[in-house]
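Chain residues, written in single-letter form:
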Amino acid sequence: MSSTAEESIVRKLKQLPPEQQWQVLEFVDSLARERASKPVMGNPFGLWANLEIDITEEDIAQVRQEMWENFPREDV
């Protein structure tokens, strides 16, 4: 029989004495507060900061040169 985490937690919680059940509730509340206090976009580098992408100045220079290489120009 497969059970979800929630079912397992409830089953084990029911086996605890009331005082420890209150302790579990306090712990769950502290987890919820901790999660709520974390900023959604706390990193100043943006949404993809956690992807650990390392773009160097050389990468930017190379792409910039490739981008402008065939750009149409009119010599005045």
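Residues numbered from 1 in each chain as written. Predicted model: local features only at pLDDT ≥ 70, side-chain atom pairs only at ≥ 80, totals over all residues. Heavy atoms only, no water.

## Observations regarding the overall build of the protein chain
Filter applied, for reference: Counting from the N terminus, the helices are the DSSP runs of H or I reaching at least four residues and the strands are the DSSP runs of E reaching at least two. Burial classes follow relative accessibility: with a 1.4 Å probe on protein chains only, a residue under 20% of its type's maximum area counts as buried, one over 50% as exposed, and anything between as partly exposed. Working definition of accessibility: Shrake-Rupley area with a 1.4 Å probe, residue cover restricted to the visible protein chains.
Counting its secondary structure elements, the protein chain contains three helices and zero strands. Overall, the protein chain shows an N-to-C arrangement of helices and strands of α-α-α. When the 76 residues of the protein chain are sorted by exposure, 0% land in the buried category. Summing over all exposed atoms, the protein chain offers an accessible surface of approximately 8,000 Å²; the carbon and sulfur share of this is 56%.

## Describing the packing of aromatic side chains
Going by this rule: Pairing of aromatic side chains here covers Phe, Tyr and the six-membered ring of Trp, requires ring centres within 6.5 Å, and sorts the geometry by plane angle: under 30 degrees stacked, over 60 edge-to-face, intermediate tilted.
Enumeration over the complete set of coordinates arrives at one aromatic pair. Aromatic pair Trp68 and Phe71: ring centres 4.8 Å apart, planes at 65 degrees, arrangement edge-to-face. Taking relative accessible area as the criterion, Phe71 reaches 45% and is therefore assigned partly exposed.

## Focus: the confidence of the model for the protein chain
Let me state the cut-off plainly: pLDDT expresses, on a scale from 0 to 100, how confident the predictor is about each individual residue.
Counting all residues, the mean pLDDT for the protein chain is 84, and 83% of those residues have values of 70 or more. In the model of the protein chain, helix α2 (residues 18-37) stands out as the element of lowest mean pLDDT, 91, in contrast to helix α1 (residues 5-14), which has the highest, 94.

## Topic: a nonpolar patch on the surface
Put simply, the rule is: Like-charged residues are merged into a patch within 9 Å and nonpolar side chains (Val, Leu, Ile, Met, Phe, Trp, Tyr) within 5 Å, provided each residue has over 30% relative accessible area and no salt bridge. The term salt bridge refers to a pairing of a side-chain nitrogen on Lys or Arg with a carboxyl oxygen on Asp or Glu at a separation within 4 Å.
Together, Trp48, Leu51, Ile53, Ile55 and Ile60 give the surface a local cluster of nonpolar side chains, amounting to about 570 Å² of exposed area. Looking at where Ile53 falls in the secondary structure, it is placed in the loop between α2 and α3 (57-69). The exposed category is assigned to Ile53, whose relative accessible area is 59%.

## Some points on a negative patch on the surface
So the rule is basically this: His is not counted here, nor are the chain ends, while Lys and Arg score as positive and Asp and Glu score as negative. Charged groups are reduced to one reference atom each: NZ for lysine, CZ for arginine, CG for aspartic acid, CD for glutamic acid.
A cluster of acidic residues, Asp54, Glu57, Glu58 and Asp59, forms a negative patch at the surface. Its location among the elements puts Asp54 in the loop between α2 and α3. For Asp54, a relative accessible area of 65% puts it in the exposed group.

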